[in-house]
Amino acid sequence: MDRLGSVGLIAALGFAIYGMVAGAVAGKLRSARILKSAERAALGFLGLITMAVFALEYLILTNNFHIAYVAEHSNRSLPVYYKIPVLWSGQEGSLLFWTWLLSIYIGAIVLLNRKKHRQLMPYVISICLGVGTFFSLITLLVANPFLVLSLTGAHGLAPYTPVDGGGLNPALQYPSMVIHPPMLYLGYVGMVVPFAFAMSALITKQPGDNWIRVTRRWAMVPWMFLGFGIILGGNWAYFVLGWGGYWGWDPVENASLLPWLAGTAFLHSVMIQEKRGMLKVWNIVLVIGMFFLSIFGTFLTRSGVVSSVHAFAQSNIGPFFAVFLGVIVLFSLTVLFLRLDFLKSDNRLDSVLSRESGFLFNNWILLSAVFAVLWGTIFPILSKAVEHVTVTVGPPFFNRVMVPMGLLLLFLTGAGPLLAWRKTSWDSLKRNFAIPMGIAAVTGIILYAAGVRYFYSWMALFLCAFVASSVIGEFYKGALTRMKFAGENFLQAIYNLTMRNTRRYGGYVVHLGIVMLFVGFAGLAFKKQATALMQPGDLMHIKDYLIRCETLKSGDTPNYVYETADLSVVKDGHALGILRPQKRFYKASQQPISHVAVHSTLSEDLYVVLEGRDQATGKAIIQAFVNPLVTWVWLGGSVVFLGSLLALIPSRVERAMDEIRKPKQEVAEKEHAG
Amino acid sequence: MRARIFIVLVFVFAARAALAQELTPQQEAEVHAIGNHANCLCGCLTTINECPHPHCAMKAQERAVIIADVKAGDNEPKVIQDLVLKYGVKILPSPPAKGFNLTAWILPGVGLLGGLVVAVDITRRWRKARVAGPAEQPAPDPNLLAAIEEEMKDVLS
Amino acid sequence: MLLGIAILITAGLAFLVVMPLLAAEGGSERALPIDVTPQADLKRRRAVIYENIQDLDFEHKAGKISGEDYQAMRQHYLSEAAQLMLASEESEAMNDRDAYIEREVAACRARSRPPQESYVCPKCGYENAVPVKFCGECGARIAGKK
């Protein structure tokens, strides 16, 4: 089986190199048959990488511990549903997984565009397979998951098969960890696609705006997955790491945030290009930035340049990535400079007070955020190089820098939709702002009266009210207008309004999700924490909760031994039931991990961790947190995801636009007749 | 391996023992507060209070230092200073705003302001180009407008 | 055994990849078709403006834009559309002139060849190699299938 995988990898590398060259040649010669050959090479690449992935999964599922990767990351008693994620839990496997997702994207592009974008496709395939070449090369030469374990014996190296494997990192044995990496990787990997389309359009000097629409569409897909992956990561951290939070400004978290922020900037500013033919160069820069940052993020986390909880074992793939990043920058900037004349603006700004400038300022904040996060993430490296001192750039730094930017951005989220395209007069501005600002002001006063005195939290909630009422107002006003002019009932009106412009109203739904996220963030300032040593019968107070330790149990499963504390919880005289935090000790990996127990409501979570036993007294160490509004983060993340899906549905006008690719003679004929 | 676990356990015991020894509630609160402002250096990249490892030797060691200092009557800045002397600047959750490390704090702000200048400049240039650009087109002829209206209905239907 | 299967699969895929290269050049598959013709591009650009106008109308109805701004902006969009429409008509006229010449040439050729062999476009005179409903060159309908 390992041979099957290795052959698959080697052949896939061959197909990738061939397809990369053939695509470029097909583009240069405008040859349909060479393009066809390149398309088949792309599909072959998909097939062969799939073969390698299945080979590795087979080896994992059948406990083939003679393979180093399997021995290191799996073990016999690991349940099947946690054996599948073993594929992406280590350096080598996850690079193969990365390559596989890339091949799936490439296959999807080829199959979806058999008849479309014929001029663009040769270079799209070439660029995608160029990236494929790099990743299959790395997987094959530097981080091969199919290497066989061997020991140095009397007769030189001899193959060695351990009885059992080292086991999967217990922190990864959690449901959301099974889907978090695939989502995140789908985001990272997919950034290649918009990059390839944009570059191809520049190389072939595509006339018209068709290419920017397809680039935007393909940017949206990875952006959506990346965002969802980030939220799932936070969810995992919250429920598994047991420190009561979901975001720690860790380098790996930052690395995933960077392309997401750049993608958010692109998805906004691209609208100016589609509607008004402006900011073309800037959009290309953003597409390049998105792709660069996604590879850069992979590099940061894989090379061990920065230390992180997530970082994979130090490895020698760093230099390869550095060279690859250099190639990307060189290639894309060369293409950009050679085609600057092709990217001339069609239109001019009519007024500073317009939707266009709203988007411009949105881009300003987002890009400043990208810069600040990037700066904070790589600063320890710089500091070490300049001053030879290791510093930590942790949450206090990022919170100080990022919170004001986040609030500014939140304000723009609400203000943007209130500005009209091209020009907004002061009068209409005042009228449009009056209601949302009024609602926000009332909310602000109520919050202050209710005791929300911490400035940033108060400001966040105030702005949340502003944005939510401005977005809901958009839906409401739109629906009223449709009811009045098209005679529809309210639900019909909302439905038609949304479906007629899925991108805008899907975007508004995303904004509502962002508001919910910020509501969750605002709760962070009111976190409470308490620790107690408990034995059955002991009581503990935190905020208005009363926790009583009922029993302490321990047990054994094939995979781990555990201790559980049964804690009954009472709040305001109401019993809330039993919370069972668990402490597990995994046998194969010899590592302990806490399984947190949480009682969630919309207003706050009671979060308890069994830290272990106090050696001196034998009592259980219980750590309890009251985390206000955390649920809103998960809800918000889901709403963002659903809104993005909505925005991906082609609207009626977009479908009409798609039809206008070949000239329809009817129109011309009508004019001749008339 | 076993020996190492044993050493770790000894440390934990030592730390717990030290913790147990007559800290006033006020002192305990102080220790806790300092624990929020100093990193655990075990590789968890969190503060001493947030380190997820229950029997973390590093955390215990650092906490022992803090407890000793607090007992000796040091206030928070002094304890932090002591920790920095013992473990290096990396014990601080964010770089100190001094010397080269000051750039860490300044540059994001500079970036933000620089971006604002660029954004304002762009809007300004857009406006200027508009003013200097060609004047309004004369009204298109009615036939053309009719054709446009018709095509518009066709496209948007 | 497995190794053999793997090599067989690879060889099979390689064959599929090489096959298109061995096929004879020719037919309508010869060159990469243009995705959006210049004519269609002009129409698409008008469609974008129409969408903008539709949005503008809607925002006006919803009361987000004052009447004065609305009229000025609508006028502006319309004149943009008018320019694109003019450009469309001009390029159409050019096409007509070219098409006339090509049609004459094609008619000449057609007389010297059996008619079933080719599918000559009535508008531009391009000889499509395979039976098609629309001309591969200019997109016009091929007669008789209206």
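Residues numbered from 1 in each chain as written. Chains lettered and ligands numbered in written order. Predicted model: local features only at pLDDT ≥ 70, side-chain atom pairs only at ≥ 80, totals over all residues. Heavy atoms only, no water.

## Here we look at the overall build of chain C
Regarding its fold elements, chain C presents 3 helices and 2 strands. From first element to last, N terminus to C terminus, chain C shows the α and β order α-α-α-β-β. Relative to its 146 residues, chain C shows a buried fraction of 38%. Nonlocal contacts in chain C, meaning residues at least 24 apart in sequence, comprise 31% of its contacts between residues at least 6 apart. (Helix = DSSP H or I, 4+ residues; strand = E, 2+ residues; numbered from the N terminus. Buried < 20%, exposed > 50% of the residue type's maximum accessible area, 1.4 Å probe, protein only. Contact = heavy atoms within 4.5 Å.)

## Re the overall build of chain B
Broken down by element type, chain B carries 6 helices and 0 strands. Considering chain B as a whole, with its 157 residues, one finds that 32% of them fall into the buried category. Counting only contacts in chain B whose residues sit at least 6 apart along the sequence, the fraction spanning at least 24 positions is 44%. Carbon and sulfur atoms form 63% of the exposed surface of chain B, whose accessible area is close to 9000 Å². (Areas by Shrake-Rupley, 256 points an atom, 1.4 Å probe, with all protein chains shown as cover.)

## Description of the sheet that holds strand β3 (residues 528–534) of chain A
All names here are of chain A. If you walk across this open sheet you meet the 4 strands as β3-β12-β11-β10, and the pairing is antiparallel. Looking at strand neighbours, the two that pair on one side only are β3 and β10 (597–600), the edges of this open sheet. On average, each strand axis in the sheet is tilted by 15 degrees relative to the strand beside it, whichever way the strands run. In this structure, β10 lies alongside strand β11 (residues 604–613), joined through 4 bridges in antiparallel fashion. Its bridge partner lying in β11, Ser600 is registered against Asp605. (Pairing = 2+ DSSP bridges. Axes fitted to C-alpha atoms, helices over the stretch in contact; angles between N-to-C directions.)

## Concerning the interface of chain C and chain A
Counting residues at the interface gives 58 residues for chain C and 71 residues for chain A. Between chain C and chain A the total buried area reaches about 5800 Å² when both faces are included, carbon and sulfur atoms providing 55% of it. Notably, a salt bridge pairs C:Asp55 with A:Arg504, separated by 2.9 Å at the nearest N-O pair. For the pair chain C and chain A, the interface holds 7 residue pairs in polar contact (both at pLDDT 80 or more). Counting only elements with at least two residues in the side of chain C that touches chain A, the list comes to α1 (2–22), α2 (38–61) and α3 (67–111) of chain C. Sorting elements by how many residues they give to the side of chain C that touches chain A places α2(C) first, with 14 residues. Per-class residue counts for the side of chain C that touches chain A are 29 nonpolar, 9 polar and 20 charged. (Buried area = accessible area lost by both parts, 1.4 Å probe. Salt bridge = Lys/Arg side-chain N within 4 Å of Asp/Glu carboxyl O. Polar contact = N/O pair within 3.5 Å; in protein donor to acceptor, adjacent residues only side chain to side chain. Nonpolar A, V, L, I, M, F, W, Y, C, P; charged D, E, K, R; others polar.)

## Here we look at the pattern of salt bridges
Residues and elements named next belong to chain A. All chains considered together, the criterion is met by 20 salt bridges over all chains. Of the charged contacts in the structure, one is a salt bridge between Asp566 and Arg580, with a shortest N-O distance of 3.1 Å. Residue Asp566 is found in strand β6 (residues 560–571), and its partner Arg580 is found in the loop between β7 (574–579) and β8 (582–586); the two are separated by 14 residues along the sequence. The exposure class of Asp566 is buried, given its relative accessible area of 7%. Overall, the relative accessible area of 49% leaves Arg580 in the partly exposed class. If you follow the salt bridges from partner to partner, you end up with Arg213, Arg216, Glu274 and Arg503 in one network.

## A closer look at the environment of A:Val393
In this fold, A:Val393 is placed in the loop between α13 (355–387) and α14 (395–415). With residues near it in sequence (within four places) discarded, A:Val393 still touches A:Gly376, A:Phe379, A:Pro380, A:Phe398, B:Pro93 and B:Pro95.

## Here's the deal with the pairing of strand β5 (residues 545–556) of chain A
Residues and elements named next belong to chain A. Relative to β5, strand β4 (residues 539–542) is paired through 4 bridges, and the arrangement is antiparallel. What sits directly across from His541, in β5, is Leu546. Counting the residues that bridge the hairpin from β4 to β5 gives 2 residues, and of these Lys543 lies at a positive phi of roughly 45 degrees. Where β5 lies against β6, 11 bridges are found, and the strand directions are antiparallel. The partner of Lys553 across the bridge, within β6, is Thr564. Where β5 folds back on β6, the antiparallel hairpin that results is connected by 3 residues.

## Some words on a nonpolar patch on the surface
Residues A:Ile17, A:Val21, A:Val25 and A:Leu29 make up a contiguous nonpolar surface patch of about 320 Å² in total accessible area. Within the secondary structure, A:Val25 is located in helix α1 (residues 2–29). (Patch = residues over 30% accessible without salt bridge, like charges linked within 9 Å, V, L, I, M, F, W, Y side chains within 5 Å.)

## Quick word on the packing of aromatic side chains
Enumeration according to the criterion identifies 48 aromatic pairs over all chains in this entry. Between A:Trp98 and A:Phe135 the ring centres are 4.0 Å apart and the planes differ by 10 degrees, which places this aromatic pair in the stacked class. Residue A:Trp98 is found in helix α5 (residues 91–112), and its partner A:Phe135 is found in helix α6 (residues 121–141); the two are separated by 37 residues along the sequence. In this structure, A:Trp98 and A:Phe135 share a single accessibility class: buried. Each ring, one from A:Phe239 and one from A:Trp634, has its centre 6.3 Å from the other, and the planes form 40 degrees; the classification is tilted. Here A:Phe239 is found in helix α9 (residues 210–241), whereas its partner A:Trp634 is found in helix α19 (residues 631–648), with 395 residues between them in sequence. Judged by its relative accessible area of 16%, A:Phe239 falls in the buried class. Assessed through its relative accessible area of 14%, A:Trp634 is described here as buried. Taken together through their ring pairs, the aromatic side chains of A:Tyr174, A:Tyr238, A:Phe239, A:Tyr246, A:Phe518, A:Phe521, A:Tyr607, A:Phe625 and A:Trp634 make up a single cluster. Lying over the aromatic face of A:Phe485, C:Lys61 brings its terminal NZ or CZ to 4.6 Å of the ring centre. (Phe/Tyr/Trp six-rings, centres within 6.5 Å; stacked < 30°, edge-to-face > 60°. Lys NZ or Arg CZ within 6 Å of the ring centre and 35° of its normal.)

## Remarks on the packing of α14(A) against helix α16 (residues 455–486) of chain A
Angle between the axes and distance between the axes: these two values describe a pair of packed helices. All names here are of chain A. α16 packs onto α14 with a crossing angle of 20 degrees between their chain directions and a minimal axis gap of 8 Å. The angle between α14 and α16 falls in the class roughly parallel. Where α14 crosses over α16, the two elements pack in a sense that is left-handed. The residues of α16 that touch α14, namely those facing Val403, Pro404, Leu407, Leu410, Phe411, Thr413, Gly414 and Ala415, are Tyr456, Met459, Ala460, Leu463, Cys464, Phe466, Val467 and Ser470. Across the contact of α14 with α16, the residue classes break down as 13 nonpolar, 3 polar and no charged. (Parallel < 35°, antiparallel > 145°, perpendicular 65-115°, else oblique. Left-handed = near helix turned anticlockwise from the far one by under 90°.)

## Observations concerning α1(C)
Relative to the 30 Å expected for 21 residues at 1.5 Å per residue, α1(C) spans 30 Å between its end C-alpha atoms, a close match to the ideal helical length. Taken together, the buried positions of α1(C) are occupied by C:Ala6, C:Thr10, C:Val17 and C:Pro20. For α1(C), the secondary structure elements touched by its buried residues are α1 and α2 (32–61) of chain A. (Expected span 1.5 Å × (residues − 1).)

## Topic: α2(A)
All names here are of chain A. The terminal C-alpha atoms of α2 lie 43 Å apart, and with 30 residues this matches the ideal 44 Å at 1.5 Å per residue to within 8%. Burial analysis of α2 places 21 of its 30 residues in the buried class, the great majority of the element. N-capping of α2 is provided by Ser31, with a side-chain oxygen placed 3.4 Å from the backbone N of Arg33. Backbone geometry just downstream of α2 places Asn63 in the positive-phi region, at approximately 55 degrees.

## Notes on the pairing of β10(A)
Taking every second residue as pointing to the same face, the buried face of β10(A) carries A:Ala597 and A:His599, while none of A:Val598 and A:Ser600 on the other face is buried. As consecutive antiparallel partners, β10(A) and β11(A) are separated by 3 residues.

## Section: the nonpolar core
Residues and elements named next belong to chain A. In this structure, Phe135, Phe197, Ile284 and Ile295 are the most contacted members of the largest nonpolar core, which totals 239 residues. The element best represented in this core is α9, accounting for 20 residues. Excluding residues within four positions of it along the chain, Ile295 makes contact with Trp98, Phe135, Phe321, Phe324, Leu325 and Ile328. Ranked by size, the runner-up nonpolar core spans 20 residues in total, among them Ile547, Val569, Ala597 and Val608. (Core = buried A, V, L, I, M, F, W, Y, C linked by side-chain atoms within 4.5 Å.)

## Let's talk about the packing of α5(A) against helix α7 (residues 175–190) of chain A
Residues and elements named next belong to chain A. The interhelical angle for the contact between α5 and α7, taken along N-to-C directions, is 60 degrees, at an axis separation of 9 Å. On the basis of their axis angle, the class for α5 and α7 is oblique. Seen from above, α5 lies across α7 with right-handed handedness. In this structure, α5 uses Ser94, Phe97, Trp98, Leu101, Leu102 and Tyr105 to contact α7, whose residues at the interface are Pro182, Tyr185, Leu186, Tyr188, Val189 and Gly190.

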